[in-house]
Amino acid sequence: MATRAEMAVEEQRGEVSVRASGESQRGYNRGVPGDTGVQGQGGEARTRMEPMIEIRKLNLKYGEKLALEDISLDILKHQVTAFIGPSGCGKTTLLRCLNRLNDLVDGVTITGTIRIGGTDINDPNLEITELRKRVGMVFQKSNPFPKTIYDNVAYGPRIQGLPRRSAMDEIVERSLRSAALWDEVRDRLQESALSLSGGQQQRLCIARAIAVEPDVLLMDEPCSALDPIATAKIEELMADLKKQYTIVIVTHNMQQAARVSDYTAFLYLGTLIEYDLTKQIFVNPSKKQTEDYITGRFG
Ligand code: ADP
Ligand code: MG
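A brief look at the structure comes next. (Residues numbered from 1 in each chain as written. Chains lettered and ligands numbered in written order. Predicted model: local features only at pLDDT ≥ 70, side-chain atom pairs only at ≥ 80, totals over all residues.)

### Remarks on the environment of Thr-271
And then number 1: Positionally, Thr-271 belongs in strand S10 (residues 271–277).
And then number 2: On the basis of neighbour count, Thr-271 is assigned to the partly exposed category, with 16 C-beta atoms found within 10 Å.
And then number 3: Along the sequence, Thr-271 and Ala-67 sit 204 residues apart, while their C-alpha atoms lie 8.4 Å from each other.
And then number 4: In this structure Thr-271 touches Glu-69 and Asp-70, once residues within four positions along its chain are discounted. (Helix = DSSP H or I, 4+ residues; strand = E, 2+ residues; numbered from the N terminus. Buried ≥ 20, exposed ≤ 12 C-beta atoms within 10 Å, placed from the backbone. Contact = placed C-beta atoms within 7 Å.)

Rendered as structure tokens:
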């Protein structure tokens, strides 16, 4: 695992480290474009790992305030990528760009491109519902609907017009199993989701998000309201989930980033300072700001 992942990393210091290969598997055949700010080095592909999400020259302003500046990075399929950085550095803003949640904010201006699975998510022909189907989100504060456990999980598939009752039962069970919650709730599916503990509610939200089988799972500080045991459960779960999904997690907890993620992006004041294999970031960061942050000198 580490060796394959290491191949994905630019040996050279500085700039964004992860490379996309020109490998074609799902209808796109592209290396890293020359004008992305992600400079090619020696021309050879560094990795066979495919990017799931390609962010290029992303800028975001809230009114006059620049919250993200010239962000370019590739997020690789079936990896856990963590966004870290001090409060207010733009982690949530960047995460929310990936399913266009910032569109709803007044006075927001966004430039640059984001491709997910090769599709430009700002393409006017792309239905927002189609995007949300492919990109699930779990929020900081668990937010189950005031419905039964079953109906929370069935919610997305139902909206999509799915399916017969028996098929729905299967989806609900599969999603709850994937979220490591099935054994705890199998006998109480018709009880209110609000009767669950905080940690169970958060796993229910994960089950709800994956019930529609998205490609990408976004998590914004998913454990920050949870106790250590519930946190450990979710962290454990992530190692399983990444076999099926591409996971992006925002966390202010650096130990958590180090434990759960394969890659880490360090943001500071709206810019991407460093992006690399997690172990590289934590053991041998190449930027002084990264080192200062992870050693607790600020933030
Ligand atoms: P983080 O998640 O890293 O703590 P955020 O992405 O929430 O940071 O915020 C980045 C910056 O953008 C902060 O300065 C924050 O105050 C500002 N910001 C976030 N959301 C909004 C909003 N809806 N309107 C105006 N400014 C915002
Ligand atoms: Mg945040």
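### Describing the nonpolar core
And then number 1: In terms of nonpolar packing, the biggest core is built from 72 residues, with Val-216 and Leu-217 touching the most fellow members.
And then number 2: When residues no more than four places from it in sequence are discounted, the contact partners of Leu-217 are Gly-136, Val-138, Ala-209, Ile-210, Leu-241, Tyr-245 and Ile-247. (Core = buried A, V, L, I, M, F, W, Y, C linked by C-beta atoms within 7 Å.)

### Observations concerning the packing of helix H4 (residues 149–159) against helix H7 (residues 198–210)
And then number 1: Their axes nearest at 7 Å, the elements H4 and H7 cross at an angle of 30°. Packed against H4, whose contacting residues are Ile-149, Asn-152, Val-153, Tyr-155 and Gly-156, the element H7 presents Leu-204, Ala-207 and Arg-208 at the interface.
And then number 2: Here the residues of the contact of H4 with H7 are counted per class, giving 5 nonpolar, 2 polar and 1 charged. (Axes fitted to C-alpha atoms, helices over the stretch in contact; angles between N-to-C directions. Nonpolar A, V, L, I, M, F, W, Y, C, P; charged D, E, K, R; others polar.)

### So, H4
And then number 1: For H4, the complete set of buried residues consists of Ile-149, Asn-152, Val-153, Ala-154 and Gly-156.
And then number 2: In this fold, the buried residues of H4 make contact with helix H5 (165–178), helix H6 (182–185) and H7.
And then number 3: Once H4 finishes, Gly-161 follows within two positions and takes phi at roughly 80°, a positive value.

### Concerning the packing of H4 against H5
And then number 1: Closest axis-to-axis distance for the H4/H5 pair is 9 Å, and the angle between their directions is 110°. When the axis of H4 is compared with that of H5, the two are roughly perpendicular. Taken as a pair, H4 and H5 cross one another with a handedness that is right-handed. When H4 is examined against H5, the residues Tyr-150, Val-153, Ala-154 and Pro-157 are found in contact with a partner set consisting of Met-168, Ile-171, Val-172, Ser-175 and Leu-176.
And then number 2: Looking at the contact of H4 with H5 residue by residue, the class counts come to 8 nonpolar, 1 polar and no charged. (Parallel < 35°, antiparallel > 145°, perpendicular 65-115°, else oblique. Left-handed = near helix turned anticlockwise from the far one by under 90°.)

### As for the sheet that holds strand S3 (residues 80–84)
And then number 1: Ordered by their spatial adjacency, 6 strands build an open sheet running S6-S7-S8-S3-S9-S10, and the pairing between neighbours is mixed. A single partner strand is all that each edge strand has here, and the edge strands are strand S6 (135–138) and S10. Strand-to-strand twist of the sheet, defined as the mean angle between neighbouring strand axes without regard to direction, takes the value 15°.
And then number 2: Here S6 pairs with strand S7 (residues 216–220) via 4 bridges, running parallel. Of the residues in S7, the one forming a bridge with Val-135 is Val-216.
And then number 3: Docked against the sheet, H7 engages S6 and S7, running at close to 170° with respect to S6. (Pairing = 2+ DSSP bridges.)

### Considering helix H8 (residues 228–241)
And then number 1: Given a rise of 1.5 Å per residue, 14 residues ought to cover 20 Å, and the 20 Å separating the end C-alpha atoms of H8 matches this to within 8%.
And then number 2: Turning to H8, its buried residues are Ile-234, Met-238 and Leu-241. Looking straight down H8, one finds its buried side chains confined to an arc of 70°; they lie on one side. In H8, the exposed positions that point more than 90 degrees away from the buried face belong to Pro-228, Ile-229, Ala-239 and Asp-240.
And then number 3: Residues of H8 that are buried in the fold lie against S3, H5, H7, S7, strand S8 (246–250) and helix H9 (254–260). (Expected span 1.5 Å × (residues − 1). Arc of directions from axis to C-beta.)

### A closer look at unusual backbone geometry
And then number 1: Even without being a glycine, His-78 presents a positive backbone phi close to 60°.
And then number 2: Take His-78: there are 15 C-beta atoms within 10 Å of it, and that puts it in the partly exposed class.
And then number 3: Located in the positive-phi region is Glu-213, a residue other than glycine, with phi close to 50°.
And then number 4: Secondary-structure assignment places Glu-213 in the loop between H7 and S7.
And then number 5: What makes Glu-213 partly exposed here is the crowd of 17 C-beta atoms within 10 Å.

### Section: the environment of Thr-231
And then number 1: Following the sequence through the fold, Thr-231 ends up in helix H8.
And then number 2: Note: C-alpha distance between Thr-231 and Gln-202 (29 residues apart in sequence) is 9.8 Å.
And then number 3: Once residues within four sequence positions are removed from consideration, Thr-231 is found in contact with Cys-223 and Leu-226.

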